[in-house]
Amino acid sequence: MNDIRMIYHVLGPSPYSKDWVVFHPYSLSFIEVPEDLGEKLQINEIKHYHLNDRDIKLFLDSIIELKPKIVAKVPSRPVYAYINLTSYCNLACSYCYVQQGSYGFLKPETFNEKLIKKTVELIDSLGIRYVAFFGGEPLLHQDGIKKFIEIFEKNNNYIEFGIVTNGTLINKDFVELAKSYKISITVSLDGWRLLHDLNRQYRSGKGSFSDVIKGIEALLAEQIPLFIQATYHPSFLNYKVTPLKIAFYLSKFTKYFAIKPALILEKDRKYEIASMFIEYGKYAVETLDILSKDNLIYADQDVVSITKILNDRIFRSFNCEFSYYITILPNGDIYTCNTMPPIGKIGHVNEDEVNIVMRYKSLLKEILPKVSIKKWYDVLGSACFPYIEMFNTYSGIIESNMDHFLMKFYIILKENKIFNIVKNLENLRKIYNYEYEAYTL
Ligand code: SF4
């Protein structure tokens, strides 16, 4: 069966009645069915939806009528630009997926003025209104950030700016700039000193924690909203540190952050990676529970994003965010998302915008089928391109995590706590502009 509308997933017995709960990914609905039908449907699911049974047919006829509210579409041109200002970084984090900004093939380089002007022209002609500075470490090239902003301003372009920084180089000048232009700031902080310094070190081996905290405090002193990105690394399990403990620590600095599992592909670390995913699954359920409380303690970006999809009934017809982005490297080469280089090149800033859009579209055509929905839970999760191999290896754990998450969501619906979630998300949205990731095209 390959009609996604007919695919369902049995979550199991309801804690409220004798019924069973079935999840329908296409309409993002929870359906309660009698126990005997639930059992039949589960066997049918295991047999890849091929059983020939009257009750099952009736059930399938009923779910095909259920419609998604919105089907997210692939945009016809990129919406956001990542500008990799430099291929230098002052840190050497153990899990760095961009190899300190060089991606393992770029020579050390920073954006020069001529290229900055060309890039602004291109972004303008593409109609892009969201620009994030990335790297390497973008704050190594603060003059470049100022120059970009100055030219955008001169051209009267309304742009929302963001920056992803390791936080070690946040100074007075940058704080002023961030305040004046309402730059959305993402700082990487993996937890308290012991955890952070395990993987996020300078080239000398010295931990970066103290400098990052100084940077964060300088931003908070000016009431600049801050988003933190933490990487949950399997080595934290040696210290019995769960993601939830890290979440409580991060909530002292900001209520909105993301804790993401580290991207590790080594085959000999399967046990550690599996344990990491199990912990991560528990964390997602705990976080959903926290999100449903009267007062918001914290919110995690991934949980928010899945919760929004479930609550708004937004069906995702694809599951790779790279189709929204272009990434411009310091030599002017353009790729799709920032995880793609050295593959996925679609042009250079010196080229005409029409050629770039043409190659962007043809690359999407080639790559999207590789990442588009393969399993029922792909509707909710994000199968980011470099993560695909890791997700496939641990798909059993991911599926069981998703089951727990959905059952928790079902309980929240039954207990009428969904209004707390809506209220908490609305309050978050007032502080942080996270609308851009809501798939509401
Ligand atoms: S700060 Fe970022 S770019 Fe630099 S080494 Fe760490 S992960 Fe890589």
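Residues numbered from 1 in each chain as written. Predicted model: local features only at pLDDT ≥ 70, side-chain atom pairs only at ≥ 80, totals over all residues.

A. Focus on the environment of Lys18. Assignment of secondary structure puts Lys18 in the loop between strand E1 (9-13) and strand E2 (20-24). As a C-alpha pair, Lys18 and Gln223 span 205 residues in sequence and 51 Å in three-dimensional space. (Helix = DSSP H or I, 4+ residues; strand = E, 2+ residues; numbered from the N terminus.)

B. Region of interest: the sheet that holds strand E3 (residues 29-33). Pairing within the open sheet is antiparallel, and its three strands lie in the order E1-E2-E3. In this open sheet, the two strands that pair with only one neighbour each are E1 and E3. Strand-to-strand twist in this sheet, taken as the mean axis angle between neighbours without regard to direction, amounts to 25°. Pairing between E1 and E2: four bridges, direction antiparallel. From the neighbouring strand, Pro13 faces E2, where its bridge partner is Trp20. Contacting E1, E2 and E3, helix H1 (residues 35-46) runs over the sheet at an angle of about 140° to E1. (Pairing = 2+ DSSP bridges. Axes fitted to C-alpha atoms, helices over the stretch in contact; angles between N-to-C directions. Contact = placed C-beta atoms within 7 Å.)

C. Main features of the domain arrangement of the chain. Examined at the domain level, the chain breaks down into domain 1 (1-67) and domain 2 (72-365 + 424-436). Summarising the inter-unit geometry, the C-alpha centres of domain 1 and domain 2 are found 38 Å apart. (Domains from an automatic or database assignment.)

D. Layout of the site of the ligand. Lining the immediate surroundings of the ligand are Cys89, Leu91, Ala92, Cys93, Cys96, Val98, Gln100, Gly101, Gly135, Gly136, Glu137 and Asn166. Looking at side-chain class alone, the shell around the ligand contains six nonpolar, five polar and one charged residues. (Near = placed C-beta within 6 Å. Nonpolar A, V, L, I, M, F, W, Y, C, P; charged D, E, K, R; others polar.)

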